[in-house]
Each structure stands twice: as structure tokens, then as C-alpha cells.
Amino acid sequence: MNWLPDDFVHPVRVPLPGGHHLRPISAADTDLDYPAVMGSRERLWSIYGEAWGWPPATMTYAQDREDLLHHEREIAEHKAFNYALFDESGTALLGCVYIDPPEKTGADAEISWWVVDDKVGTDLERTLDAFVPQWIADAWPFRNPRCIGRDLTWKEWLALPDKA
């Protein structure tokens, strides 16, 4: 059984209050993604490292491009979604939102997100924190999404039983 209805059409551009927007990431975004990820690598590793092994300290530009190509394929196949957070002009990647099928029991989707280091604690981060759960509720067909790092910690998530 697919985790999304067959007729579900994912959003392709999602405006946020303040002029920023989300859109599905692609390999063409590597020039913006690589500096965003590696510039925030230590904090991102503290969030995602234990669960995903990402981002590795030695990640190269080519490896990031391959990772984004993988995300692009997943999005096209509706297997998982990575939305990049862009400034109004689309010239700066400022974070990402992940919408994944559940790996652990008790949810029908697993959602997480981040902003680059220099946006932590800013209005943009607060806007994203308020926006994502509401957007998921309004635009996605989930009944019981789990926001990892918000509803529960990553450590608590790791301790949950794997989905069969």
C-alpha cells in the first residue's frame, strides 16, 4: 500500500509569510544547498547525525549533488519529499523541510525541518516552525503526522519500534 493516495498532487511552490517560499529540491540546487548544509553542518549533525548519518563531515559537492538527485527522484515517485526553503528571489537556500513515510510505528508521516545557522532564533525560523505543522495539516493527506524534533526528540524517535 502506498503511503499517499494515488491521486495526490504535491505542492510545487509554497509561499510563506514574509516572502520566503518552499519548493521541491532538485540536483540543480546543489550550488545553493552545499554551502547551506556545510555552513550549518555541526548543528545539522547534532540533529540528524545519529538517525540519518547526515551530513558527513567529509561530504563533497559531488556527494551533495548525488543526494539531491536521489531526493529529486523520490519526489517524482512520491516516495518522500524534501522541500527547500528559499528567499523571495530564490537565490539563497535557507533550510529544508522533509516529509517522509514513517520508519517508526505510531504515525503516517514523519516531518522534520531546519534552517541555516544564521537564521536560528530569527523570525524566519519562528515562521517556519509555526507554518510547517499547519501546512502539513492543510495540504497533505495525513491523519497522524509526527514532527520529529518537535512532537518528540530524535532520541525518543530512535527508541520507537520500527514499522513492520
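As shown above, the structure is provided for reference.
Reading the values: the criteria
- Residues numbered from 1 in each chain as written.
- Predicted model: local features only at pLDDT ≥ 70, side-chain atom pairs only at ≥ 80, totals over all residues.
- Heavy atoms only, no water.
- 1 Å grid on protein atoms, 1.4 Å probe; cavity = no way out; pocket = protein on both sides within 12 Å on 5 of 7 lines; lining within 4 Å.
- Points joined across faces, edges and corners; volume = space filled by probe spheres on them.
- Helix = DSSP H or I, 4+ residues; strand = E, 2+ residues; numbered from the N terminus.
- Nonpolar A, V, L, I, M, F, W, Y, C, P; charged D, E, K, R; others polar.
- Buried < 20%, exposed > 50% of the residue type's maximum accessible area, 1.4 Å probe, protein only.
- Polar contact = N/O pair within 3.5 Å; in protein donor to acceptor, adjacent residues only side chain to side chain.
- Contact = heavy atoms within 4.5 Å.
- Arc of directions from axis to C-beta.
- Salt bridge = Lys/Arg side-chain N within 4 Å of Asp/Glu carboxyl O.
- Pairing = 2+ DSSP bridges.
- Axes fitted to C-alpha atoms, helices over the stretch in contact; angles between N-to-C directions.

## Considering the layout of surface pockets
Move 1: Counted as a void, the largest pocket has a volume near 400 Å³.
Move 2: Trp52, Asp67, His71, Tyr98 and Asp100 are, among the 27 residues lining the largest pocket, the residues nearest its centre.
Move 3: Those elements that provide at least two residues to the lining of the largest pocket are helix H1 (30–39), helix H3 (61–76), strand S3 (81–86), strand S4 (93–100), strand S5 (109–115) and helix H5 (154–159).
Move 4: Looking at the lining of the largest pocket, the element that brings in the most residues is H3, giving six residues.
Move 5: Its residues assigned to classes, the lining of the largest pocket shows 15 nonpolar, six polar and six charged.

## Description of the side chain of Ser112
Move 1: The residue Ser112 is located in strand S5 in this model.
Move 2: On the accessibility criterion, Ser112 (2% relative accessible area) is buried.
Move 3: A polar contact of 3.3 Å, which involves the side chain of Ser112, links it to the side chain of Tyr48.
Move 4: Non-local contacts of Ser112, meaning those with residues more than four positions away in its chain, are made with Tyr48, Trp52, Cys96, Val97, Tyr98, Ile148 and Trp154.

## Notes on H1
Move 1: Residues of H1 that are buried include every one of Thr30, Asp33, Ala36 and Val37, and no others. For H1, the buried positions fall inside an angular range of 135° around the axis, keeping them on one side. In H1, the exposed residues that point more than 90 degrees away from the buried face are Asp31 and Gly39.
Move 2: On the buried face of H1, the contacting elements are helix H2 (41–52), H3, S4 and S5.

## So, the side chain of His20
Move 1: Of note, His20 is situated in the loop between strand S1 (14–15) and strand S2 (21–24).
Move 2: With residues up to four places along the chain from it excluded, the contact list for His20 reads Val14, Pro15, Leu85, Phe86, Asp87, Glu88, Leu94 and Leu124.

## Considering the pattern of salt bridges
Two side chains carrying opposite charge are able to pair once their charged atoms lie near each other.
Move 1: By the definition in use, this model includes seven salt bridges.
Move 2: Residue Arg23 pairs with Asp29 through a salt bridge whose shortest N-O separation is 2.6 Å.
Move 3: Judged by its relative accessible area of 25%, Arg23 is partly exposed.
Move 4: For Asp29, a relative accessible area of 5% gives the class buried.
Move 5: One salt bridge in this structure joins Asp162 and Lys104, with 2.7 Å as the shortest N-O distance. With Asp162 in the segment after H5 and Lys104 in the loop between S4 and S5, this pair connects stretches of sequence that are 58 residues apart.

## Focus on the sheet that holds S4
Move 1: In spatial order, the strands read S1-S2-S3-S4-S5-S6; together these six strands make up an open sheet with mixed pairing. Each of the sheet's edge strands pairs with one partner strand only, and the pair in question is S1 and strand S6 (145–147).
Move 2: In terms of strand pairing, S4 meets S5 through six bridges, oriented antiparallel. Within the sheet, the bridge partner assigned to Ile99 lies in S5 and is Ile111.
Move 3: Sheet strands in contact with H1 are S3, S4 and S5, and its direction is about 90° off that of S4.
Move 4: Across the face of the sheet, helix H4 (residues 123–139) comes into contact with S1, S2, S3, S4, S5 and S6 while running at roughly 165° to S5.

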